[in-house]
Amino acid sequence: MPVTFPWLMVAATILLTTYGQLVLKWQVTTPAAPLFRFMEDWPAIIVLLLRPWVISALGAAFLASLCWMAAMSRLELSKAYPFMALNFLLVGLLAIPLFGEALTRPKILGLFLVILGLAVLSRG
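A quick note: this is a predicted structure, and the numbers were derived from the prediction, not measured. (Residues numbered from 1 in each chain as written. Predicted model: local features only at pLDDT ≥ 70, side-chain atom pairs only at ≥ 80, totals over all residues. Heavy atoms only, no water.)

Q: Can you tell me about the overall build of the protein chain, naming the residues and giving the values?
A: On a plain count of helices and strands, the protein chain comes out with six helices and zero strands. In sequence order, the secondary structure elements of the protein chain are arranged as α-α-α-α-α-α. Over its C-alpha atoms the protein chain spans a radius of gyration of 18 Å, topping by over 25% the 14 Å that the globule rule assigns to 124 residues. Each principal axis of the C-alpha distribution contributes one length, and for the protein chain these read about 55 × 40 × 20 Å. Within the protein chain, buried positions represent 25% of all 124 residues. Put simply, 70% of the contacts in the protein chain that link residues at least 6 apart link residues at least 24 apart. With an accessible surface of roughly 8,400 Å², the protein chain has 74% of that area assigned to carbon and sulfur atoms. Placing the 8 positive and 4 negative side-chain charges of the protein chain at their respective mean positions leaves the two points 14 Å apart. (Helix = DSSP H or I, 4+ residues; strand = E, 2+ residues; numbered from the N terminus. Rg over C-alpha atoms; globule rule 2.2 N^0.38 Å. Buried < 20%, exposed > 50% of the residue type's maximum accessible area, 1.4 Å probe, protein only. Contact = heavy atoms within 4.5 Å. Areas by Shrake-Rupley, 256 points an atom, 1.4 Å probe, with all protein chains shown as cover. Lys, Arg positive; Asp, Glu negative; His and termini not counted. Charge placed at Lys NZ, Arg CZ, Asp CG, Glu CD.)

Here's what the structure looks like:
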């Protein structure tokens, strides 16, 4: 198996996890209208869990787990795991245009520290 395959699996894990987090945020902030009339009296969490977008986010989490297992079969955990911090970076930055979240100085500093931490850990 090529050396790049495990790193592609790490990248897929990051992208699938980011997708799932953003979709779940979007769906939980959208009014929980039931898909069918007979579901009107169902608890909101059940209605939410049956939404196609929520199901896709849960599916992405499952696929991310499979990708992570594939990556871990070939990489050292201490080398690959720091890259999971990219989820903080991607979700934090994408939340600004997608959800109107503010880009504050503490957020900028925090995201910079994540990048700095990733750079330091990847050298070790």
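Here the narrative resumes.
Q: Which residues make up the pattern of salt bridges, and what are the values?
A: One pass over the full model with this rule turns up one salt bridge. For Glu 101, the salt bridge is made with Lys 107, and the minimal N-O distance between the two is 3.6 Å. On the basis of relative accessibility, which here comes to 31%, the residue Glu 101 falls in the partly exposed class. (Salt bridge = Lys/Arg side-chain N within 4 Å of Asp/Glu carboxyl O.)

Q: Before we move on, could you go through the side chain of Asn 87 and cite the residues and values that matter?
A: One can find Asn 87 in helix α5 (residues 86-99). Among the polar contacts listed, one links the side chain of Asn 87 to the side chain of Thr 18, at a separation of 3.0 Å. Not counting residues within four places of it along the chain, the set of residues in contact with Asn 87 comprises Ile 14, Thr 17, Thr 18 and Gly 92. (Polar contact = N/O pair within 3.5 Å; in protein donor to acceptor, adjacent residues only side chain to side chain.)

Q: How would you summarise helix α1 (residues 4-28) if you had to cite specific residues and measurements?
A: Relative to the 36 Å expected for 25 residues at 1.5 Å per residue, α1 spans 36 Å between its end C-alpha atoms, a close match to the ideal helical length. On the buried face of α1, the contacting elements are α2 (44-49), α3 (52-72), α4 (77-80) and α5. (Expected span 1.5 Å × (residues − 1).)

Q: Quick one: what's the story with the side chain of Gln 27, residue by residue and with numbers?
A: Structurally, the position occupied by Gln 27 is in helix α1. In this view, Gln 27 contacts Leu 48, Arg 51, Trp 53 and Val 54; residues no more than four positions away in its chain are not counted.

Q: Now, about the environment of Phe 36: what can you tell me, with residues and values included?
A: Within the secondary structure, Phe 36 sits in the loop between α1 and α2. Overall, the relative accessible area of 49% leaves Phe 36 in the partly exposed class. Along the backbone, Phe 36 and Lys 25 are 11 residues apart, and their C-alpha atoms lie at a distance of 22 Å.

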